[in-house]
Amino acid sequence: MNELTIKNLHVSVHDKEILTGVNLVIRSGEMHAIMGPNGTGKSTLSAAIMGDPNYQITAGKIEIDGEDVTELSVDERARSGLFQAMQYPSVVPGVTNFEFMKAAVNARRPDKPVSSLQFMKQFEEKRAFLAMKEEVGHRYLNEGFSGGEKKRNEILQMLLIQPNLAILDEIDSGLDIDALKVVAKGVNSMRSAHFSTLMITHYQRLLDYIVPDQVHVMMGGQIVKSAGPDLAKRLEKEGYAGLRDELGLDL
Ligand code: ADP
Ligand code: MG
Ligand code: MG
């Protein structure tokens, strides 16, 4: 995939309109960040892009390389190269992390599944790169993982899957500074002409380590401002009040 285009997207949850007309273009190779107050619809946007059926698209569309993907299932979208790291990674009992990761990788290449030996090598390489403990493959998925370990594990999954576009929702929340650096190292290692990312974050600090091409601010279910990385620095200083005043918003 080369480009994700979101046009005038309106999304409702339980008949309540959350997104009120989002426009966004992410080209291959670009890193984008979305910031914005709590409850403004950032996670809703990521759920809608991934095709979560709980989020109804009532108007507008989502296109990948000019093709409307609004009707595609979550799996179909994943096969087209989309990846989402969860804001709250869930616990999956009885499945080891290694098995889960292998299944996730193979789900995207049903014609050519990776062998266990091949996958073991890739897993070990990426695990070491992210300075994760050796035992991490044998543990049950997310059971007893600390907050930081869960986030690293999401990044490990991304490195193994090698998606074209990753949506990273609050991957920095609850991380200490060392874990934040590891997570950033993982994301930065993906940088290429064939990879783009949409990072949702509350804190400018993440963007010191993963420097975005564009920063967007979402308020009231819309993107109200887009600019370079300096926008995040300004928000860190002024909060959202300054921007509301500038734009004459009452959101
Ligand atoms: P953000 O990520 O910007 O904090 P969200 O997208 O999580 O905001 O939420 C936006 C609004 O939509 C909130 O009012 C939230 O309560 C509501 N919402 C989101 N998802 C659901 C859901 N699955 N069920 C009910 N309400 C939801
Ligand atoms: Mg939130
Ligand atoms: Mg959220």
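Before any of the text, the structure's been laid out above.
Worth saying up front: this structure is predicted, and the values here are computed from it rather than measured. (Residues numbered from 1 in each chain as written. Chains lettered and ligands numbered in written order. Predicted model: local features only at pLDDT ≥ 70, side-chain atom pairs only at ≥ 80, totals over all residues.)

## A few points about the pairing of strand S10 (residues 222-227)
Thinking step 1. Sheet analysis places strand S9 (residues 214-219) next to S10, joined by 5 bridges and oriented antiparallel. Residue pairing in the sheet places Met-219 in a bridge with Gln-222 of S10.
Thinking step 2. In textbook terms, the turn of a hairpin is the stretch between consecutive antiparallel strands, and for S9 and S10 this stretch comprises 2 residues, one of which, Gly-220, has a positive phi near 55°. (Pairing = 2+ DSSP bridges. Helix = DSSP H or I, 4+ residues; strand = E, 2+ residues; numbered from the N terminus.)

## A look at the sheet that holds strand S1 (residues 3-13)
Thinking step 1. Sheet architecture is open: 4 strands sit in the order S2-S1-S4-S5, paired in antiparallel fashion. On the outer flanks of this sheet lie strand S2 (16-27) and strand S5 (67-68), each paired with one strand and no other.
Thinking step 2. In this structure, S1 lies alongside strand S4 (residues 56-64), joined through 7 bridges in antiparallel fashion. Bridge assignment links Ile-6 to a residue of S4, and that residue is Ile-62.
Thinking step 3. Helix H1 (residues 42-50) rests against S1, S2 and S4 of the sheet, and its axis sits at about 70° to S2. (Contact = placed C-beta atoms within 7 Å. Axes fitted to C-alpha atoms, helices over the stretch in contact; angles between N-to-C directions.)

## Some remarks on the pairing of S9
Here is the key point about a regular strand: its side chains alternate between the two faces of the sheet.
Thinking step 1. Of all 6 residues that make up S9, 5 are buried, and the element is covered over most of its length.
Thinking step 2. Here strand S3 (residues 31-35) runs beside S9; their pairing, made up of 4 bridges, is parallel. In the strand pairing of S9, Ile-34 is matched with His-216. (Buried ≥ 20, exposed ≤ 12 C-beta atoms within 10 Å, placed from the backbone.)

## Points about the packing of helix H5 (residues 147-161) against helix H6 (residues 177-189)
Thinking step 1. Here H5 crosses H6 at 10°, and the two axes come no closer than 10 Å. Between H5 and H6, the interaxial angle falls into the category roughly parallel. Contact with H5, carried on its side by Gly-148, Lys-151, Arg-152, Ile-155 and Leu-159, involves Ala-179, Val-182, Val-183, Gly-186 and Val-187 of H6 and no other residues of that element.
Thinking step 2. Considering only residue class, the contact of H5 with H6 consists of 6 nonpolar, 2 polar and 2 charged. (Parallel < 35°, antiparallel > 145°, perpendicular 65-115°, else oblique. Nonpolar A, V, L, I, M, F, W, Y, C, P; charged D, E, K, R; others polar.)

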